[in-house]
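Here are the chains, one letter per residue:
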Amino acid sequence: GENVEQHPSTLSVQEGDSAVIKCTYSDSASNYFPWYKQELGKGPQLIIDIRSNVGEKKDQRIAVTLNKTAKHFSLHITETQPEDSAVYFCAASRPDSSYKLIFGSGTRLLVRP
Amino acid sequence: DTAVSQTPKYLVTQMGNDKSIKCEQNLGHDTMYWYKQDSKKFLKIMFSYNNKELIINETVPNRFSPKSPDKAHLNLHINSLELGDSAVYFCASSQVVRTSGNQETQYFGPGTRLLVL
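What comes next is a walk through the structure. (Residues numbered from 1 in each chain as written. Chains lettered and ligands numbered in written order. Predicted model: local features only at pLDDT ≥ 70, side-chain atom pairs only at ≥ 80, totals over all residues. Heavy atoms only, no water.)

### Some words on the interface of chain B and chain A
Counting residues at the interface gives 24 residues for chain B, matched by 23 residues for chain A. A combined buried area of about 1900 Å² lies between chain B and chain A, and 54% of that area is made up of carbon and sulfur atoms. At the junction of chain B with chain A, the criterion picks out 0 salt bridges. For the pair chain B and chain A, the number of links is 4 residue pairs in polar contact (both at pLDDT 80 or more). (Contact = heavy atoms within 4.5 Å. Buried area = accessible area lost by both parts, 1.4 Å probe. Salt bridge = Lys/Arg side-chain N within 4 Å of Asp/Glu carboxyl O. Polar contact = N/O pair within 3.5 Å; in protein donor to acceptor, adjacent residues only side chain to side chain.)

### Quick notes on the pairing of strand β8 (residues 72-77) of chain A
Residue and element names in this part refer to chain A. Alignment of strand β3 (residues 19-25) against β8, held across 6 bridges, turns out to be antiparallel. Directly across from Lys22, in β8, lies its bridge partner Ser74. Sheet topology places strand β7 (residues 62-67) next to β8; 6 bridges connect them, and they run antiparallel. When the sheet's bridge partners are listed, Ile62 is paired in β8 with Ile77. Between β7 and β8, which follow one another and run antiparallel, lie 4 residues, and Lys71 among them has a positive phi close to 55°. (Pairing = 2+ DSSP bridges. Helix = DSSP H or I, 4+ residues; strand = E, 2+ residues; numbered from the N terminus.)

### Some remarks on the nonpolar core
With 24 residues, the main nonpolar core has A:Trp35, A:Phe73, A:Leu75, A:Tyr88 and A:Leu109 as its most contacted residues. Of all the secondary-structure elements, those providing two or more residues to this core are β2 (10-14), β3, β4 (32-38), β5 (45-51), β7, β8, β9 (86-92) and β11 (107-112) of chain A. When sequence neighbours within four positions are dropped, the list of residues in contact with A:Leu109 reads A:Leu11, A:Val13, A:Ala19, A:Ile77, A:Asp84, A:Ser85, A:Ala86 and A:Tyr88. Counting residues in hydrophobic clusters, the runner-up holds 20 residues, among them B:Met32, B:Phe64, B:Ile78 and B:Leu114. (Core = buried A, V, L, I, M, F, W, Y, C linked by side-chain atoms within 4.5 Å. Buried < 20%, exposed > 50% of the residue type's maximum accessible area, 1.4 Å probe, protein only.)

Read these as layout, nothing more, since geometry by itself doesn't imply function.
Written out as structure tokens, the structure reads:
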């Protein structure tokens with residue numbers, strides 16, 4: 001079955017610096033790759049997603065890149081702010097009848113003021 | 001106007017008890033899910049229902065029984081609770097675009113924190 005690996009498990013950056021989180025997936029049939037942010041005591045919230053027909057997508061300070069050949073996708077956060085501190089999850093999904101998300105193990109991001 | 005809501009938010013109970021968690025979505029979605037998040041924050045799919053029909057059961061013990069009375073509700077009943085069932089349970093919903101097969105965003109509820117003593 002699908003396996004999603006996520007690195008690093010923890011990331012500490014200075015406010016204003018960039019943060020990059022990387023994921024690899026195993027199932028070449030996966031075509032949907034969302035990123036979720038989970039704040040303490042809350043449910044995961046989608047921050048950006050990308051489909052396999054696109055190589056890059058950007059939304060203000062957040063961008064996601066996808067390399068289908070290498071089965072890698074990455075989250076880039078620029079000009080980090082303390083409120084970006086949270087746990088970030090990547091996920092992958094394939095277009096079959098289940099539509100389940102397979103999550104990475106999460107990255108705890110700390111933005112130091 | 002909460003999109004995906006769960007009750008209760010916290011659930012503390014003794015081993016061996018039976019408990020239920022309720023989930024409701026007001027987004028008009030046709031697919032609903034239950035995920036389990038363990039103490040290490042790992043999120044894993046348990047069940048998925050599409051239009052009240054079970055489409056995923058990820059090798060979850062049969063002590064766990066989901067029930068979908070209608071498209072907007074997916075409840076989770078757990079029999080004979082065990083210590084290892086302690087976790088945060090998240091409900092989610094999404095809309096699948098049948099013509100393309102693409103899945104739209106999965107929206108998560110706030111979670112139910114279950115502690116089995």
